[in-house]
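# Structure assessment
What follows is the residue order along each chain.
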Amino acid sequence: MIIKTEGMILSQRSYRDSEKFLTILTRDQGVIEAKLRQFGQIKRSQFNLIGPLGYFRFDLFVLKQRYTVDAAEKIEDFFPLRYDVEKLALAGYFCELTQSLASPREDAWVYLRLLLNTLALLEKDRRSPAFLKAVFELRALSLGGFMPDLVCCKHCCQFEGKKLYFLPFAGTLVCSDCLPGSPENNQLHIPLAPPVLAAMRYILYKEADKLFQFSLADKPLEQLGKITEYYTLCHMENSKFPSLQLYHQFVNLSTGENHEPAT
Ligand SMILES: [Zn+2]
């Protein structure tokens, strides 16, 4: 049986010189692995071009739940990202994180939309890499079942006015009145500057088509970035993100600083 779908290639692994396996985030089949071979319509030149960061219209041959690419037509390849190693590493991290979060069987459209929108903004320099990384991490984690509850203090429901602390392991807020004497006082609790909390709430609760329509000054953006990365690594501790390490190395090189990632 042949099925038609669209999908973003998240990763690939070589099998033979003329064969490889692609992990594809499809619009309507979830995350699948499909074999790509040089044969028929797939010539050598196209075989080499079909790889990560490519968004294709696929004809997939399906037999016993195994997929083979029968034809692939490029929709978007985000090629300009390849001219900037920092952006390329970040795009790779977005793919790795998506692959860790999206289940093989679920409707992957929400992840696909987030990934495509984020990569388009990154490619066209519409928003900074640091901004896109923070938004992507928190929103992707939330889609993947790790949505923190940032509505109000978990004990007294205070939602503003008091200093509020974020508990990354529990994914909740506690206010400065409730923190002393509470069990959370012995856990990691991060004081949130009001603009950072407002940005986190925006990322979590805003509808998808307005997700990137806010701004944040450099200092709160830096805090937001540290929190979202820490939150991501806390909850994805069994996943490896080599592209994230690369991204930090390139950022450190370009800024001349020596910041360690939040691992
Ligand atoms: Zn409270």
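Residues numbered from 1 in each chain as written. Predicted model: local features only at pLDDT ≥ 70, side-chain atom pairs only at ≥ 80, totals over all residues. Heavy atoms only, no water.

An unreviewed UniProt entry lists the chain under the name DNA repair protein RecO, with [Clostridium] methylpentosum DSM 5476 as the source organism. Listed in UniProt under the heading Sequence similarities (unreviewed entry), the comment for the chain reads: "Belongs to the RecO family." If you open the UniProt record of the chain and go to Function (unreviewed entry), you find "Involved in DNA repair and RecF pathway recombination." (UniProt positions renumbered as here; feature names shortened; annotations may be inferred.)

### Brief notes about the coordination of the zinc ion
Binding of the zinc ion to the protein goes through Cys153 (SG), Cys156 (SG), Cys175 (SG) and Cys178 (SG), at separations of 2.3 Å. Around the zinc ion sit 4 donor atoms; with metal-centred angles ranging over 105 to 117°, the donor geometry is tetrahedral. For the zinc ion, the donor residues sit on a single chain with the sequence spacing C-x2-C-x18-C-x2-C. Taken together, the residues span a long stretch of sequence, with Cys153 in the loop between helix 4 (129–143) and strand 6 (164–167) and Cys175 in strand 7 (residues 172–175) at a distance of 22 residues. The pair formed by Cys153 and Cys175 is uniform in burial state, with each residue classed as buried. (Donors = N, O, S within 2.8 Å, 3.2 Å for Na, K, Ca; no water. Tetrahedral: all angles 85-135°; square planar, octahedral: opposite > 155°, others 65-115°. Helix = DSSP H or I, 4+ residues; strand = E, 2+ residues; numbered from the N terminus. Buried < 20%, exposed > 50% of the residue type's maximum accessible area, 1.4 Å probe, protein only.)

### A look at the packing of helix 2 (residues 85–101) against helix 3 (residues 109–123)
For the pair helix 2 and helix 3, the least separation of the axes is 11 Å and the interaxial angle reads 175°. With respect to their mutual orientation, helix 2 and helix 3 come out roughly antiparallel. Here Lys87, Leu90, Ala91, Phe94, Cys95, Thr98 and Leu101 of helix 2 come into contact with helix 3, specifically with Tyr111, Leu115, Thr118, Leu119, Leu122 and Glu123. Split into classes, the residues belonging to the contact of helix 2 with helix 3 amount to 9 nonpolar, 2 polar and 2 charged. (Axes fitted to C-alpha atoms, helices over the stretch in contact; angles between N-to-C directions. Parallel < 35°, antiparallel > 145°, perpendicular 65-115°, else oblique. Contact = heavy atoms within 4.5 Å. Nonpolar A, V, L, I, M, F, W, Y, C, P; charged D, E, K, R; others polar.)

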